[in-house]
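Here's the letter readout for the chains.
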Amino acid sequence: MGRSRIESSTPPGRTLTRRLSHAWKFRGMYGMAILPVAFFLVIRYLPLWNAQIAFKDFSPLDGVWGSPWNGFSNFAAFFRSPYLVPLIRNTVLYSLAKLALGVPAAILLALGLYETGHRMLRRVVQTLAYLPHFLSWIILHGILLGLFSASEGLFNEINRASGIGTINYMGDPATFPFIVVFSDLWKEMGWGAIVFLAALMGIDPALFESAQVEGASRLQQVRYITLPGILDVIVVVVLLRIGTILDAGFHQLFVLYSVPVLDVGDIIDTWVYRQGILNADYSIATAVGLFKGLIGLSFLLVFNRLAKRIAGSGLY
Amino acid sequence: MNKFKAQAFLALALALCVVIGAGAQAKPVEIELWITGTASEAGPPPADWAGYRIVRETLGIELKLSLLPTTFTDQDMKINAAAAANRLPDILHVNRDVFIKLAKQGLLAPTDELMKKMPVRTKTHYDDPLRNKLAMYKGRMYGLPDPGKMPMTDGWVIRKDWLAKLGLQPPKTIEDFYQVAKAFTLNDPDGNGKNDTYGFGAFIETSDITNWGLGVRFDPILGAYGVAGVWDVTGAKNFGLNVRKPEFYDAIQFVARLNKDGLIDPDWTTLKKDEFRARWKQGKYGIMRENFAALSTVANYPAFDKNFPDGEWIPIPPPVGPKGKSSEGMLYVDTRIHVVSKRAIDAGKGDAVARLLEWFATDGYALAMFGEKGVNYTLDADGNISTAGLPDPDKSYAKSAMVPILQLRNLASVNSDWELLPRYVPHKTLNGRTIRPLEIWRYFTTQPWTEATAALLIEPPANKADFERFYTENLVKFALGQQALTPASWKAFLAGLDKLGAKELEKSAKAKVEEAGLLK
């Protein structure tokens, strides 16, 4: 019986040989994968070991392994914060607003660039749209101050000249969120359009030619060919953004917010910066990071399933 | 023959050992130093700075120097990140909050033994028992409390030319201040026909638990009500948070009035220090609290002078409040705490660290303060610093291009007159007026201040982020009028603080200050 079982299964040596020969056959592909895989192993997976300090009272001297366990107290410290609800609310709302406005704007820009017949115009617009992405938020803060400053901003000069009076755009909780969302939109729209533009380039031109022969208008072509043609990419982009729903843009908020707008400007990451990093409470910072990751993962799983059901495609 | 070979081999091996040993001995000890540069706008000393060579040749130390970021928060972040990885440098500058955290985490080496190895420095730098207490943790010294910045450097100043133009007298009381600020805002004091000036200029400048809230730029206003600073540490009886006093409410009410009437730059809550300074140099403000050096030295004044050759800032006494109180701000026995990492001592670098620090207090003192003798400075007949007779006047220590080679002054300075006079040299404005920065500073020192050294011992609460936000946010909202300032809302604010642990914080703070023997 034992003998027949051995005979019926594939010899281990042969399996290995087959696998090696398969790998050799696709050596180019595997070669290309080495760097990304190494990147994810080193940058994304190895640090997961350190995530255990979320459950520890971390002391640098004792190290990650040597620090004593303290259960969920670091999570509790975050959940006990009187600002927990506003922090989560601000984070999610900024994320959703940036997603809801950013993705359609990037698609529209990509469509516009794709549809335009003027090559020069396309190049100029494309370059101008990409440029803000390369500016840091520090520089953008200067630009925004020049536009919105209460004492010497351009808009307030106009307001005062037209008798409206001074509006403290950057320091008013009613106007600050708009500055956050629209400055992000302006900065990232061009960059975000790249991926959609690439997807548009992949649509078979024959489809458009056939549609033209059938008498379809430009708008109809967009509606029935272009958008369905990039639907998969849209789904992927949206799902990836949903996976990081609790990352509302630390750098931007950190630079732009000030005390009077903390109500609407403080997000989870800025709280973590103040309590976890500046206060050297690394365990709390890690616990909140872990919490954010878990929420992001849950959202990703749920929305991926929804996307597959509704749009017929998902991330995996 | 074999015996000869063996002897020859042995001799060769011995010679090699000697050579290797000598090489090892000659190899300099690497000391990594993170320090706050003297001038935030300048970079570190260049690679060919004489100090590197001298330290290598005379002390056997290879100095690896990094300037810490210029803002407190960025400094703390850099240090905390290194601490988290147990990768602190050998010597570094820390503020007291960070000092306590690093000491608690066991990352710092005790310094009492180290101090015995640097007798001159200990005598010249660590001779103040009060300052030494600020570098203690659990009764033992874990830091080197070097003399900090000069005391009483920031004070109340006003545009004298604006006063003259509007025919006003310098304000004496807090109400005078309001009226002058109003005139400066509304009556076009610069005569340019535009409504582009503000009576008062400020921004929220906070760094630690002693100055949360509106920050130090508002201290003279709060001082007029007897509540400058977050803490009252003037006595055991009244120890606690100043916000509990009714006068604090009055002070915030006054700031709210200034804000409501548009007498303060409406950007005060969003401005950063550089933007604030750019604005007074552009002639936006008439009254402010400013650092005497930032206001008047040869390096800082020209930008204002160029815009307003006839403009003139003068120091005046801080405003007097309804109960006759006034204060320029909080007075600390200031210290710059340098710490030595436990890692450095464990690596056997203790002696080298002591050698280096002692050198900065002895042979390297003048080099750190003024550069190379005969290159960057000379000495006059009385032994005072001079620039007369320098072969290349462009290399004078007073030239802004030479600032990078003086970035380590904070390791050497003891704030003696010998140091200060040449650092803050008198200079002429474009219209020929002479500005003497030290005179402005001396004026500040003659004004009333609020003793607050003990407040430096107070440790922030565990829920620092929430507590600080609640405290600062509410005060700013009251001042801006975003939140109605009424006795009821103030009571709710105090109740909110208590809910966040204010009473416990006050209790532990008092115990800490009493333990240090600083509470009368």
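Report follows, based on the coordinates. Treat the numbers as computed from the prediction; the structure is a model and nothing was measured.

**Quick look at the overall build of chain A**
Inference 1: On a plain count of helices and strands, chain A comes out with 17 helices and 0 strands.
Inference 2: Relative to the compact-globule value of 20 Å for 316 residues, chain A shows a C-alpha radius of gyration of 26 Å, a clear excess of over 25%.
Inference 3: Along the three orthogonal principal directions, the C-alpha set of chain A runs to about 95 × 70 × 35 Å.
Inference 4: Taking all 316 residues of chain A together, 29% fall into the buried category.
Inference 5: Counting contacts in chain A only where the partners sit at least 6 residues apart, residues at least 24 apart contribute 65% of the total.

**Section: the nonpolar core**
Inference 1: If you look at the biggest cluster of nonpolar residues, it comprises 180 residues, and the most contacted ones within it are Phe200 and Val353 of chain B.
Inference 2: For this core, the element with the highest residue contribution is helix α21 (residues 464–480) of chain B, accounting for 9 residues.
Inference 3: Of the residues that make up this core, three or more belong to each of domain 1 (29–149 + 336–412) and domain 2 (154–331 + 447–515) of chain B.
Inference 4: Apart from the residues within four sequence positions on either side, Val353 of chain B is in contact with Ile31, Asp90, Ile91, Leu114, Val340 and Ala344 of chain B.
Inference 5: Grouped together as the second largest cluster of nonpolar side chains are 20 residues, Ala106, Leu109, Ala199 and Ile234 of chain A included.

**Some remarks on the sheet that holds strand β12 (residues 313–315) of chain B**
Strands belonging to one sheet form pairs held by backbone hydrogen bonds; the direction of such a pair is parallel or antiparallel.
Residues and elements named next belong to chain B.
Inference 1: Pairing within the open sheet is mixed, and its 4 strands lie in the order β8-β11-β7-β12. Of all the strands in the sheet, just β8 (198–200) and β12 have a single pairing partner and so form its edges. Neighbour to neighbour, the strand axes of the sheet diverge by 35 degrees on average, direction disregarded.

**A closer look at the interface of chain B and chain A**
Inference 1: Contact with chain B, which involves 28 residues of that partner, is made by 25 residues of chain A.
Inference 2: Looking at the side of chain B that touches chain A, the elements with two or more residues in it are α3 (72–84) and α21 of chain B.
Inference 3: Tallying contributions element by element places α21 of chain B first for the side of chain B that touches chain A, with 9 residues.
Inference 4: Within the side of chain B that touches chain A, the residues separate by chemical class into 10 nonpolar, 9 polar and 9 charged.

**A word on the pairing of strand β3 (residues 91–94) of chain B**
Residues and elements named next belong to chain B.
Inference 1: Across the two faces of β3 the burial is the same, with Ile91 and His93 and Leu92 and Val94 all buried.
Inference 2: Bridge analysis of β3 against strand β14 (residues 335–340) gives 4 bridges, and the strand direction is antiparallel. For Leu92, the partnering residue across the bridge sits in β14 and is Val339.

**Some points on helix α4 (residues 96–104) of chain B**
All names here are of chain B.
Inference 1: Among the 9 residues of α4, 7 are classified as buried, and the element is accordingly described as predominantly covered.
Inference 2: Residues of α4 that are buried: Arg96, Asp97, Val98, Phe99, Lys101, Leu102 and Ala103.
Inference 3: Packed against the buried residues of α4 are α3, β3, β4 (136–137) and β14.
Inference 4: Among the residues trailing α4, Gly106 stands out with phi positive, at a value near 75 degrees.

**Digging into the sheet that holds β3 of chain B**
Residues and elements named next belong to chain B.
Inference 1: Strand order in the open sheet formed by 5 strands is β2-β1-β3-β14-β6, and the pairing between neighbours is mixed. In this open sheet, the two edge strands, each paired with only one partner strand, are β2 (61–67) and β6 (144–147). Strand-to-strand, the axes of this sheet are offset by a mean angle of 25 degrees, without reference to chain direction.
Inference 2: Sitting on the sheet, helix α16 (residues 350–361) touches β1 (29–35), β2, β3 and β14, and the angle it makes with β1 is about 55 degrees.

**A word on helix α3 (residues 27–45) of chain A**
Inference 1: Its maximal kink placed at Ile34 of chain A, α3 of chain A deviates by approximately 35 degrees, while the proline Pro36 of chain A follows within four residues.
Inference 2: The element α3 of chain A is barely covered by neighbouring structure, given that only 0 of its 19 residues are classed as buried.

The rules we used
In this convention, every chain numbers its residues from 1, walking through the sequence in written order. To label them, take the chains in the order written and letter them from A, then take the ligands in the order written and number them from 1. The predicted nature of this model means local features are confined to residues of pLDDT at least 70 and side-chain atom pairs, given and counted, to a pLDDT of 80 or more, with totals for whole chains, interfaces and linings taken over all residues. Strands are runs of DSSP state E lasting at least 2 residues, helices are runs of H or I lasting at least 4, and numbering of each runs from the N terminus. Radius of gyration: C-alpha atoms only; globule rule: 2.2 Å multiplied by the number of residues to the exponent 0.38. Whether a residue is buried, exposed or partly exposed follows from its count of other C-beta atoms within 10 Å of its own C-beta, namely 20 or more, 12 or fewer, or something in between, respectively; the C-beta atoms are built from the backbone. Remark: residues whose backbone-derived C-beta atoms lie within 7 Å of one another are considered to be in contact. Joining buried Ala, Val, Leu, Ile, Met, Phe, Trp, Tyr and Cys residues through C-beta atoms within 7 Å gives a set, and that set is a nonpolar core. As annotated, the domain borders come from an automatic or database domain assignment. Here the rule is simple: two strands pair whenever DSSP picks up at least two bridges between them. A fitted line through C-alpha atoms serves as each axis, taken over the contacting stretch for helices, and the angle formed by two N-to-C directions is quoted from 0 to 180°. Each residue is assigned to one of three groups, with Ala, Val, Leu, Ile, Met, Phe, Trp, Tyr, Cys and Pro labelled nonpolar, Asp, Glu, Lys and Arg labelled charged, and all others, Gly among them, labelled polar. Fitting one axis to the seven residues ending at a residue and another to the seven starting there, the bend at that residue is the angle between the two axes.

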